[in-house]
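# Overview (structure and organization)
Residues per chain, in single letters:
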Amino acid sequence: MTASSLINAGRFHDVVVIGDGPAGSALARACVMQGLDVVLIGDDADWSATYGAWLDDVDRVSILSGLDVTAGAPLDVSAWTDRRHELKRPYTILDNAALRSALRRGVPTLTSNVRSVVSQNDRHRVILDTDDEFTARLVIDATGWPAAFASRTHGNGLPFWQTAVGVVFAEPPAGALGQPTLMDFRELPRTPATPQPKPIPATFAYSLPVADGWLVEETVLAALPAVEPVALLPLLAARLNIELDDMLDRALRTECVRIPMGASRPQRDQAVVAFGAAAGYVNPTSGYSVVHSMLMAPTVAVAIAKSLGARPENRVADSATVWNAVWPIAQRRTRLLHDYGLEMLGELDGAAVREFFATFFDLPVQTWSTYMSADSSPTDVSRVMMQLFRAARWSTRRRLLRSNPAAFIRLVRPS
């Protein structure tokens, strides 16, 4: 669609969403479902990332109701610490083409780059690289972290990065990684031929079927500074017990992942409202953000519609009202708990991480699932943290309390 066909001289668009990835597309779709005049602007790039998700979370996404966006049958995944844990929670890989089609239904889209956003009392001007210009009552920044047009409360600094390197084989690898595996924290085999890189924080393997074969990744749980994905290639080869060159020769393709963990929320008192990863939606417990963005899109779209309806048609929306829907107060407190957990894990070595996750996955599935959900109540998350603390060995308890015991007790106190 051309800019001229979308621009209607003398009329505001209700909403312009900048960034046409899954988060921006989900919010644009939810706005269309609210009857809003929305334009989605982005570079129309392929969605090439591998999006994994818990099936029960996908089933809660109302804007996907009645639509199947999963790739293949649900997966029974396991995790490895010092032993195997059957997680008993169906997992899935999203079908990116089906997801894209579902989220773009009825959404006016424009393939272009936005050069700047100029916010005034009576309008937002969205100026493209082509010098075409849109006017809107609200602008959403869904460009991903660190956000191109919305400022953050503490800048673009991060506590941690999660990075990974992966290879896709035509067939599943031999051994345990030939079965769907969410996390394999077992110690890597050490042989004289295995390269010994400089010390790297705790890593785990992730191994699942994908559309074009079988993906195996080596992932750094959390590190700062970031561990470059290429540095993980020798570890991945050692994990698979094959030579590095042989692994790369056999790979149909490779992929590198860089996920910002623990990013601060966007500022509340600004005209442009961030959404998705741009708003800090990356979950510190998993690195996921796509499903949470889809879950939040209808709530945010309702808030947008109410904000627009409460003001004259020639006035901009109240961005603070929309921001409160992007980050409800309960989810802000839940995020504080998750951030504390991330900071604690970032201090642990490989043996301590294995011990922690052994305790974590020994909890009932509903219990650890509650902890991992970004929209769980802070009371429920606090309760899980205390349950985990009581179930942990004393060595793990000491690590949980070591950095700031008062902060730990204050955070997990039910509210």
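Above this note sits the structure.
Structural notes, computed from the coordinates. (Residues numbered from 1 in each chain as written. Predicted model: local features only at pLDDT ≥ 70, side-chain atom pairs only at ≥ 80, totals over all residues. Heavy atoms only, no water.)

### What to know about the overall build of the protein chain
Scanning the protein chain from N- to C-terminus turns up 14 helices and 17 strands. Within the span of the protein chain, comprising 415 residues, buried residues form 55% of the whole. In the protein chain, of all internal contacts separated by at least 6 residues, the share reaching a separation of at least 24 is 73%. Element-wise, carbon and sulfur atoms account for 51% of the exposed surface of the protein chain, whose accessible area totals about 18,000 Å². (Helix = DSSP H or I, 4+ residues; strand = E, 2+ residues; numbered from the N terminus. Buried < 20%, exposed > 50% of the residue type's maximum accessible area, 1.4 Å probe, protein only. Contact = heavy atoms within 4.5 Å. Areas by Shrake-Rupley, 256 points an atom, 1.4 Å probe, with all protein chains shown as cover.)

### Focus: the pairing of strand E14 (residues 203–210)
With respect to burial, E14 is a largely interior element, 7 of its 8 residues being buried. When strand E13 (residues 181–184) meets E14, the two strands line up antiparallel, connected through 2 bridges. By the bridge assignment, threonine 181 is partnered in E14 with serine 207. In the sheet, E14 pairs with strand E15 (residues 213–223) via 8 bridges, with the strands oriented antiparallel. Counted as the bridge partner of valine 210 is glycine 213 from E15. Where E14 hands over to E15, the hairpin turn is made up of 2 residues, counted between the paired strands. (Pairing = 2+ DSSP bridges.)

### Things to note about the nonpolar core
Judged by nonpolar contacts, the single largest core of 64 residues is most densely connected at Phe275, Met294 and Ile304. With residues near it in sequence (within four places) discarded, isoleucine 304 still touches Val15, Leu27, Cys31, Leu36, Leu138, Ile140 and Val322. In terms of nonpolar packing, the next biggest core, distinct from the first, is built from 37 residues, Met183, Leu337, Phe360 and Val384 among them. (Core = buried A, V, L, I, M, F, W, Y, C linked by side-chain atoms within 4.5 Å.)

### Focus: the pattern of salt bridges
Any two side chains of opposite charge can pair if their charged atoms end up close together. In total, this model carries 22 salt bridges according to the counting rule given. Of the charged contacts in the structure, one is a salt bridge between arginine 393 and glutamate 355, with a shortest N-O distance of 3.8 Å. With a gap of 38 residues between them, arginine 393 in the loop between helix H12 (378–391) and helix H13 (394–402) and glutamate 355 in helix H10 (residues 350–362) connect regions that are remote in the sequence. Its relative accessible area of 18% is what places glutamate 355 among the buried residues. (Salt bridge = Lys/Arg side-chain N within 4 Å of Asp/Glu carboxyl O.)

### Examining the side chain of glutamate 218
Along the chain, the position of glutamate 218 falls in strand E15. On the basis of relative accessibility, which here comes to 0%, the residue glutamate 218 falls in the buried class. Looking at glutamate 218, its side chain comes within polar contact range of the side chain of threonine 203, at 2.7 Å. (Polar contact = N/O pair within 3.5 Å; in protein donor to acceptor, adjacent residues only side chain to side chain.)

### Some details on the sheet that holds strand E4 (residues 78–80)
Taken together, 7 strands build an open sheet; the order of strands is E5-E4-E13-E14-E15-E12-E16 and the sheet is mixed. Pairing within the sheet leaves two strands with one partner each, and these edge strands are strand E5 (84–86) and strand E16 (253–261). Pairwise comparison of adjacent strand axes, ignoring direction, gives a mean angle of 20° for this sheet. With 9 bridges connecting them, strand E12 (residues 160–169) and E16 associate as antiparallel partners. Bridge assignment links valine 168 to a residue of E16, and that residue is arginine 253. Its contacts with the sheet put H10 on E4, E5, E13 and E15, and the angle it makes with E5 is roughly 30°. (Axes fitted to C-alpha atoms, helices over the stretch in contact; angles between N-to-C directions.)

### Brief notes about the packing of helix H2 (residues 22–33) against helix H7 (residues 290–309)
In contact at an axis separation of 8 Å, H2 and H7 are set at 35° when each is read in the N-to-C sense. The two elements H2 and H7 meet at a crossing, and its hand is right-handed. Where H2 abuts H7, its residues Pro22, Ala23, Ala26, Leu27, Ala30 and Cys31 lie against Val290, Ser293, Met294, Ala297, Pro298, Val300, Ala301 and Ile304. When its residues are assigned to classes, the contact of H2 with H7 shows 13 nonpolar, 1 polar and no charged. (Left-handed = near helix turned anticlockwise from the far one by under 90°. Nonpolar A, V, L, I, M, F, W, Y, C, P; charged D, E, K, R; others polar.)

### Examining the packing of aromatic side chains
Aromatic ring pairs are described here by two measures, namely the spacing of the ring centres and the angle between the planes. Taken as a whole, this structure holds 16 aromatic pairs when the rule is applied. Relative to phenylalanine 360, the ring of phenylalanine 356 has its centre 6.2 Å away and its plane inclined at 15°; by these criteria the two rings are stacked. Taken together, the residues span about one helical turn, with phenylalanine 356 and phenylalanine 360 both in helix H10 at a distance of 4 residues. For phenylalanine 360, a relative accessible area of 4% corresponds to the buried category. Ring centres 5.9 Å apart and planes at 75° place the aromatic pair phenylalanine 360 and tyrosine 371 in the edge-to-face group. With phenylalanine 360 in helix H10 and tyrosine 371 in helix H11 (residues 365–372), this residue pair connects regions lying 11 residues apart in the sequence. Here a set of aromatic residues connected by ring pairs shows up, and it is made of Trp54, Tyr91, Phe185, Phe204, Tyr206, Phe356, Phe357, Phe360, Phe361, Trp368 and Tyr371. The ring of tryptophan 327 carries the charged tip of arginine 265 above its face, separated from the ring centre by 5.7 Å. (Phe/Tyr/Trp six-rings, centres within 6.5 Å; stacked < 30°, edge-to-face > 60°. Lys NZ or Arg CZ within 6 Å of the ring centre and 35° of its normal.)

### Some details on the pairing of strand E10 (residues 133–141)
Burial runs high along E10: 8 of the 9 residues are buried. Looking at chain direction, strand E1 (residues 13–18) and E10 are connected through 5 bridges and run parallel. Within E10, the position partnered with histidine 13 by the bridge is alanine 136. Where strand E9 (residues 124–128) lies against E10, 4 bridges are found, and the strand directions are antiparallel. Residue pairing for E10: isoleucine 127 is matched across the bridge by glutamate 133. A loop of 4 residues connects E9 with E10, the two strands running antiparallel in sequence, and aspartate 131 in this loop sits at a positive phi of about 75°. Two elements, E10 and strand E17 (residues 273–274), share 2 bridges in a ladder whose sense is parallel. Across the sheet, residue isoleucine 140 finds its bridge partner in E17, namely valine 273.

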